[in-house]
Structures are given as structure tokens and as C-alpha cells.
Amino acid sequence: NWDRRAADQSTRRDAYNDALRTLSQRQHLYPCYCSRDQLHAASAPHASDGRVIYGGTCRNLTDAQKRAMTKQPSLRIELPNRNISFHDGLQGDVSMCLQQEYGDIILRRADGVAAYQLAVVVDDARMGVTEVVRGSDLLSSTARQLYLYRLLGLQAPQFAHCPLLLAADGRRLSKRDGDQSLENLRAKYTA
């Protein structure tokens, strides 16, 4: 339930803020004043899936430039231009260049909410998660998360990314696209 997950995350705000404080003290974070519209309108590079790769527009703003901003900033982490390699339990050996694949990513949104990558790392570490099994559509998140585990001095879990069920036309199955849920299929085809 999405509302419950959001409520649960609000109870962990202190843990996210502690992680952000650690990263800030180590000078890995900077404020970003770019809006989503600005990022999509920019001539920033795009990944093959259409994602905008953030080019670091706000990375080197002067203090005077920051004071002139009227928008509440998000917080980004500067990702290095180096590969993060890992062994996935199902996909095998994987290596991704953080800066080339993602640019600098948001860890805290402008509204103060922890972004997905930070929340997952902090939550899994706090719960003592040692193995993560998820869909292959989240394989690209793993390198970013492993980098955060390292910077925060946390023990990273082992990962395994399962292939997704796809429709006949190759697209990912989705209830929002009118595809059957697994519950409906089980009810329909089990006697």
C-alpha cells in the first residue's frame, strides 16, 4: 500500500537525515535548483531509455548564485566518473560507469522527502537485509546503491535481478496499461 509506505518512510526521516549529514560532511552533496521542466528542456545527454543524465548544472554554483535562487533546492550527490562492478545472482557480472550512466542523482527532493536510492539503502541497512531479489528493471539502480553503501560505511546485500514478464509486444506488464494482475490470473487459471 503506497500510503502506508509513505507513512513508514516519514518515521525514518531522522535516519535519512543522518545519512545526508554524513554525506554532506564528507562533501559529496550539493544543492540543485533545477526544476524537472528545466532538466527535460536542457540539451543534457539522454540515456537510451529517454532518462535525462544530469550534467551538473548546479554543481559549482557560487555562494552568491545560491543566495539568489528562490526555489527550494533538492540535494544531489556528485557521482564519480568510474565503474562500479558487482556480481548479480542471476545476471552475472555487471559493471556500470556512474557518471556516464546517471550523472549526479538526487538524494533528497526539494520538498524534503528522501529520494528512492537513499531510502532503499538506509532502510535495507537498518533492517539487516542481506539478499535482495527484484525485477531486472531495477538492475541499473544497483550500482548507485552500492556506491551509497560504500560511502556510508554500510554492509551491502547480495543482489539477484529476475527477468520480467512481458506482453506479446515486448512491453512490461502493468495494471495501469490494463494488464491482468497475478492475483486475477491465479484466480482465473487455478481450479
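What comes next concerns the included structure. What you see is a predicted model, and the numbers here were worked out from it, not measured in a lab. (Residues numbered from 1 in each chain as written. Predicted model: local features only at pLDDT ≥ 70, side-chain atom pairs only at ≥ 80, totals over all residues. Heavy atoms only, no water.)

Here's the deal with the pattern of salt bridges
As a reminder of what qualifies: A carboxyl oxygen of Asp or Glu within 4 Å of a side-chain nitrogen of Lys or Arg is what we treat as a salt bridge. Counting from the N terminus, the helices are the DSSP runs of H or I reaching at least four residues and the strands are the DSSP runs of E reaching at least two. Any residue under 20% of the maximum accessible area for its type is buried, any over 50% is exposed, and the rest in between are partly exposed; the area is computed with a 1.4 Å probe on protein chains only.
Per the counting criterion, the structure on display carries six salt bridges. Note that aspartate 18 is salt-bridged to arginine 21, the shortest N-O span being 2.5 Å. Of this pair, aspartate 18 and arginine 21 both sit in helix α2 (residues 13-25), three residues apart, which is roughly one turn of that helix. On the basis of relative accessibility, which here comes to 41%, the residue aspartate 18 falls in the partly exposed class. A salt bridge links arginine 59 to aspartate 104, with the shortest nitrogen-to-oxygen separation between them at 2.8 Å. Pair noted here: arginine 59 is in the loop between α3 (36-41) and α4 (63-68) and aspartate 104 is in the loop between α5 (98-102) and β5 (105-108), with a separation of 45 residues, a long-range link. For aspartate 104, a relative accessible area of 1% puts it in the buried group.

Description of unusual backbone geometry
Of note in the backbone geometry, glutamine 27 takes a positive phi value of approximately 60 degrees without being a glycine. Note that glutamine 27 resides in the loop between α2 and β1 (29-32). Of the residues examined, glutamine 27 reaches a relative accessible area of 71% and is grouped as exposed.

Remember that the coordinates give geometry; whether it matters functionally is a separate question.
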